[in-house]
Amino acid sequence: MSAFVKGKLKAARDALAKQENEKGRDAALGVLEYEPDNYHAHVFLGLAYMRLEDLEKSEQAYRKAVDLNPEQLLAWQGLSQLYEKLEKWEDYAESLEKLANLHAAANDAVKCAEFVQRLIELRRDESRSNRMQLAQVLYLLLPESELYPVLSTLPPPDPTNPTSTSIGPIQAAIHNSLSILEELVSIYEQEENTVAQDEIAKRRQRLGAPPVDQIIRDVTLEVLASSQLPRLYDEILNHPNTSDELRRATEAKLLRMKQRHLFALPTTGKHKESKAQLAAEVDKLISGMVLLKIPDELAWTLFIESKDAPSIEDYDISILRQFMELFPASPLTKLLEAYFQHMAIQLTEDEDEEGAPPEADPDVDYIEIMMDAFTSLNDSLLAHRIITQLYEQDADYENAIKLSESGLELVRRSEQNWGRSLKQVKKVFNVTLATSLVHLFPPKNHPRALRIIDDVLAEDPDNIPALMGRGFVLQHAKKWSDAEELFGRVVKLNPEDFDQASRAKEERAWCMAMRGELQKAADELREVIGELDELEGHEEDKARCWWRLGRCYWEMGDEHREEAFKYFVTSLKRYPSFAPAFTSLGIYYSEFASPPDPNRASKCFQKAFEFDPREADAARRLAEGFAEEGEWDLVEVVARRTIEGEGGLEQGPEARASRRYLPINAWAWKAVGAVELTRRNYVAAIEAFQIALRTDVVDHMSWLRLGEAYSKAGRYAAAFKALEHARELDPADWIASYFIGEVQRQMGAYEEAIKSFQSILSDRPKEIGVLHSLGQSYLDLGRYELSTGFSARAETSFISAVRVSLDLLEASSGFRRVAWKTIADALFHLSGFADISDDDLVREVLTTVIPLVTAHPSTGLADIISYPLTGAESTNLSLLALEIAITAYDYRLTLGAVDDAAKATAYYDLGSALSTFARRTSDSAKRDRLQQHAITQFKEALRLEPSNDAFWVALGNATFLSQPGVCQHSYVRALEIDSKNAATWTNLGLFYLHHEDAELANEAFYKAQTLDPDYALAWVGQGLVATANGHDREARALFEHATTLTATVPEADLEYATRLFKKINESTKSRSASKDAFLPAFFVLDRFCKQRPQDASALHLFGLVCERIGHIGLGIDLVGRAITLLEAAYEETEDPVIERQFTIAHVNVARLRLSVADYEGALESYQVASGLLAEEAEGSEAKVLLAQCQFGSGLANFKLGQLAEALALFEAAMATAADHPVIRGHVVVLLAQTLWAIGTDEAKESAKTQLLQSIEYDPENLMAINTLAGMGILTDDDGLVDAALSEVLSLPLDQRHERDPERDVTYLLVQHHLGQGDARQATSVAQKAVFAEPERTDVRRELASLTLRDGKSSAALAILSGSSQARGDLADLRASLALHAVALCVESWGGAAEALKLAQKGVMLSPWDRRGWAAVAYVRSRGAQ
């Protein structure tokens, strides 16, 4: 080092000592400029920068110094001060630890201890460090630390002067590390607990996470695998300064940690050896604690529970006593104390040594104490074994099974936890489980019991309880020889065990008896009885032996029956509650006693059944007796208790039939099914019959009852299968066929049902129920046929229903109510037929019914129906049928009713018929009386059955107009009962609409549509709302939708047709709209008129629709029928409105007759109409009608050659229509055409003059203009043509098209030019028309025709192709096909086949069009060439 460097370093040190930091900095920088790697210069520079608050440069300088010489203290000390100032605690801790190591390397124990102490103080501050950082620092004070050799040289602390040194805590920790170990244990325990809880919570939130128990095991295994706690626990245990309390607490912690680790380790794989080793360590720990009697309950519990003892007696009694002494408050202690006292075992060793027998307190219920304690011992194997043994001893086999299964699960968990098998404990639970299964509801659980017994005997072939269990199973299977052999083997295996040996002898003797060795069995039973009589207790065993002895003598024959009776009585003396003895006594009294004593027998059977519901013989005899007496409730009680006794019900909140259960007493299930069927609990009945059929699958009656239950529950497919099976089992039983017919009827297969009933009646013609069902089937079939539009078929079905019901009345008078109900319903439906197809047949049926109902006339109908009724003179059979139906409904009321519901229905039916009659009568006074009568009937029905929504709806309908308040209340009440009835919501909507509340009406209709989208009347109602709001377009769409629904509403058909007809007439200015547009109206009106043939308005409209689609003849017929109806109505009412409708109908029918050249008929109708219209007709409508009559009559006279009359009428029509330009224009044109038809020059000139005057009067009369132009074309008068068309041609295109919607001007011009031989000019006119309206197919078709005439077939095809792409209707398509086919045929020989297809298609679409046939002929002729 040069003198310059030394001088600079000295100057820097002095300057820093004097706090001249800038000088010190400059001096250090000067050194570094000369010698950059000078350690001290960097240290001085770092100190200077730190004092000058340039901390970043200070850290750089110190770090450079450390890099130059890491083992020097100065730079680390500077860094330590800097980091403390910067609060960089991790860097500060690193520097302190480095300084401690450097001082340790220099053997400076005091300095090393100071830095360690400062480091510990830093880590103890929770705001600057965490637990694990503190643990790492505390390890520096333990012997395994690198610093420990140096720190151990520190002197012990002076307890008399603790402030004599600043490192007292370090000295204390070095010389006694127990406190450090305890602190480390506390830190690691907290850390591991926190880590485990956080990891468990995180893993539980993962998708597809395993069960919580598995997560806990996995996390515990991961945490404990790297835990430091075992080593720390061992160090504390081995520390010389550890107190006894700390040692016990540490041992307890170590045990629990190792136990958790042991239970978490898997039993297979690489962990198998580790688990065995760890289990040995845990065993050592708990054995030591038990040996030293350390009061750690977990250790003692593990010691006791892990013992693989064959029986409870094999547990060390002294250990159990010590446990009770150490842990008096433990639930296990309470259970053991009660068990010891219950089993007469001494509680303490002192009492055991004294030998005094324990005296149990008779007032203490030890079993209840054990049960209470057991509720807190769900994981104790010993507790499970004790309670299971108690249940088995008390024959509580159901709870014994549950506890055994729970105990086996505990065994499985214990084996998994410890990694070793508990064979003996497992075997004990399996034996108890198997034994209990054998005796619980035998033989229900025997298959499961046998599997367990086989497993037990495979390991222990001489296990006596298992052998006994197998013997009992063989007994129930009636394998008496095998069972006898097994019981004999038990006797030989353990003759000293009196209980088992005597029971085995008894069962062996019983097996002998069942095999027929009665005397030998009786002798052995006597031997067993002798042994039992020497003992106290065993009363039930004694009673059973005496009873079995009695059974042996009973089977020996009649001469031994009295002796058997004595033995049965002796059995009851030994044990008065022994049920089989009561059963045997009951059989004795009922079958052998002389005379028989049924009362005593019944009492015996009742006693037997009361004591043991498994006494099936007694139960069956009891049930039969109750059934004979009609006590069906008692039959059900007996049957259900029998089922419960044989284990037929699963326990739970609601006892239900066991699945996969084969009943022993099928009769009990049949009885339950029959009772449930009568109570209408069909689901329960179905279940009962199904279970009964498990035992006897060929029981015809059970299949029959099952089918009946299915049908009444609405499960028709299943019912049909069950009934078919019943009929296969017994083809001679007609009941099955009857039920099949009923199911078919309920499924809607009415024709099949009728065949089924008729097949029964062919053999049993007077069977009442079948006749009724047949009549009902005909009635239902008629209703179905009526709803689908087959009126004639429906009429036949209703007549058949009446005839069959009349046969029922003749066969039996006891079913008059249901028979008259069917008759009245059928006649009521017949009354709705406007047109009866077979008058004679209906009249005959009505004539047959009339005497039957009028024989008991009702005074309540005297002001409504005129008696006597007669069918021979009646002209209105429908009205007569309605009157007879009303009389029949009224007569039905006089017959009485079984219940209020039936009577209420009768009132309702009568009210409905009266309401219908009120709507069909024209007498207003009579209508009011009928309506009031109907309302009265509906109120009576509601009084009897106020919860029937149909009755409320009927009352609302009846009061719709007369009592709005009652009507609304009725509809609302109906909706309260059934809020999902679309019809009721629709009625309410119509009510609101009638009272002009469109908003509420719309909501009601919308609700109805939501509930039933196929209910057409709801759509009709919404259409009416749309009409009321002025939304005609939406209304028409709604009516159209209503007509497409399955259930037709005639009103919807008529409304839709009316609106469609009006829409086409208003929107189409052309003279002839497309026929296809009227087809929907044609079809719906056809349907409506079939349903309502007496509706004159509909017939009239239908006739007009037929006129528009070309069915003139049908139209004449329909309007003629309308005229007939209107005439009859007018004669009855003389209503001027009907008179006007009559006039209009005559005008229309006259026009139609003109169309078919019936000129005389047309004149007649016009004359009738004119006669009804005054000469000086007032009103616009009357003048229009009169004008039509006049010019129509003129046209007819002209056609008949009466020119003078025709001209006079035309002139009169012109005068009448003077104020109606449109009508007057039509008349002028007809007049001109008539004059032109006369043929003279004078007449033709007069025609032209008339047209010119009309055009002058009405320049927009396009018909007159076109007619005048036509005359000019015919006479080659170009001037006349130009004069006629010039004004139209000069108009703008849109106005021209508005005046000429049919484009007649274009047609006339084309024809004019063609007539002059100027085809080019004609084509030019057509081209202009196409350019103006390229979307019109008719002008394209005209241009294509002209082009084809010119020989340009390809151009014609192009024009027609554009036409096919344009949107046109079916009529346009039909008109284009023939032309297209000809053009294609002319264009190419190869296209002849395609052309023929097009021509044929045109013929198929329009077979009446001659042009189509001509096109086919032309194409074929071209193809033949």
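This text follows the structure it describes.
These figures come from a predicted structure and were not determined experimentally.

## Some thoughts on the packing of aromatic side chains
So, step 1. In this structure the tally under the stated criterion is 27 aromatic pairs.
So, step 2. Where phenylalanine 565 meets tyrosine 589, the ring centres are 6.0 Å apart and the plane angle is 75°; that geometry is what we call edge-to-face. One end of the pair, phenylalanine 565, is in helix α30 (residues 561-574); the other, tyrosine 589, is in helix α31 (residues 579-592), and 24 residues separate them in sequence.
So, step 3. Overall, tyrosine 589 belongs to the buried group, its relative accessible area being 12%.
So, step 4. Measuring from centroid to centroid gives 5.9 Å for phenylalanine 960 and phenylalanine 991, while their planes differ by 90°, and the two rings are edge-to-face. Linking phenylalanine 960 in the loop between α48 (949-958) and α49 (964-977) with phenylalanine 991 in helix α50 (residues 982-994), this pair joins segments that are 31 residues apart in sequence.
So, step 5. Overall, phenylalanine 991 belongs to the buried group, its relative accessible area being 4%.
So, step 6. A connected cluster of aromatic rings, assembled from ring pairs, spans Trp554, Phe565, Phe568, Tyr588, Tyr589 and Phe592.

## Focus on the environment of leucine 52
So, step 1. Along the chain, leucine 52 falls in the loop between α3 (39-51) and α4 (55-68).
So, step 2. Taking relative accessible area as the criterion, leucine 52 reaches 31% and is therefore assigned partly exposed.
So, step 3. The residues touching leucine 52, leaving out its near neighbours within four places in the chain, are Asn21, Glu22 and Arg25.

## Thoughts on the packing of helix α60 (residues 1180-1199) against helix α61 (residues 1203-1216)
So, step 1. In contact at an axis separation of 7 Å, α60 and α61 are set at 160° when each is read in the N-to-C sense. The pairing of α60 with α61 is recorded here as roughly antiparallel in orientation. The chirality of how α60 crosses α61 is left-handed. For the pair formed by α60 and α61, the contact residues are Lys1183, Leu1186, Ala1187, Gln1190, Phe1191, Ser1193, Gly1194, Leu1195, Asn1197 and Phe1198 on the first element and Leu1203, Glu1205, Ala1206, Leu1209, Phe1210, Ala1212, Ala1213 and Thr1216 on the second.

## A look at helix α69 (residues 1337-1349)
So, step 1. Taking 1.5 Å of rise per residue, 13 residues should cover 18 Å, and α69 covers 18 Å from first to last C-alpha, within 8% of that figure.
So, step 2. Considered for burial, the residues of α69 that qualify are Thr1337, Val1339, Arg1340, Arg1341, Leu1343, Ala1344, Leu1346, Thr1347 and Leu1348.

## As for a negative patch on the surface
So, step 1. A cluster of acidic residues, Asp835, Asp838, Asp839 and Asp840, forms a negative patch at the surface.
So, step 2. Structurally, the position occupied by aspartate 835 is in the loop between α43 (816-830) and α44 (839-854).
So, step 3. For aspartate 835, a relative accessible area of 58% gives the class exposed.

## Some details on the environment of isoleucine 884
So, step 1. Its place among the elements puts isoleucine 884 in helix α45 (residues 877-894).
So, step 2. In this structure isoleucine 884 comes out as buried when scored by relative accessible area, which is 0%.
So, step 3. Separated by 31 residues in sequence, isoleucine 884 and valine 853 place their C-alpha atoms 7.6 Å apart.
So, step 4. Isoleucine 884 has contacts with Leu827, Leu846, Val849, Ile850, Val853 and Leu869, leaving out every residue within four places of it along the chain.

Thresholds applied
- Residues numbered from 1 in each chain as written.
- Predicted model: local features only at pLDDT ≥ 70, side-chain atom pairs only at ≥ 80, totals over all residues.
- Heavy atoms only, no water.
- Phe/Tyr/Trp six-rings, centres within 6.5 Å; stacked < 30°, edge-to-face > 60°.
- Helix = DSSP H or I, 4+ residues; strand = E, 2+ residues; numbered from the N terminus.
- Buried < 20%, exposed > 50% of the residue type's maximum accessible area, 1.4 Å probe, protein only.
- Contact = heavy atoms within 4.5 Å.
- Axes fitted to C-alpha atoms, helices over the stretch in contact; angles between N-to-C directions.
- Parallel < 35°, antiparallel > 145°, perpendicular 65-115°, else oblique.
- Left-handed = near helix turned anticlockwise from the far one by under 90°.
- Expected span 1.5 Å × (residues − 1).
- Patch = residues over 30% accessible without salt bridge, like charges linked within 9 Å, V, L, I, M, F, W, Y side chains within 5 Å.
- Areas by Shrake-Rupley, 256 points an atom, 1.4 Å probe, with all protein chains shown as cover.
- Salt bridge = Lys/Arg side-chain N within 4 Å of Asp/Glu carboxyl O.
- Lys, Arg positive; Asp, Glu negative; His and termini not counted.
- Charge placed at Lys NZ, Arg CZ, Asp CG, Glu CD.

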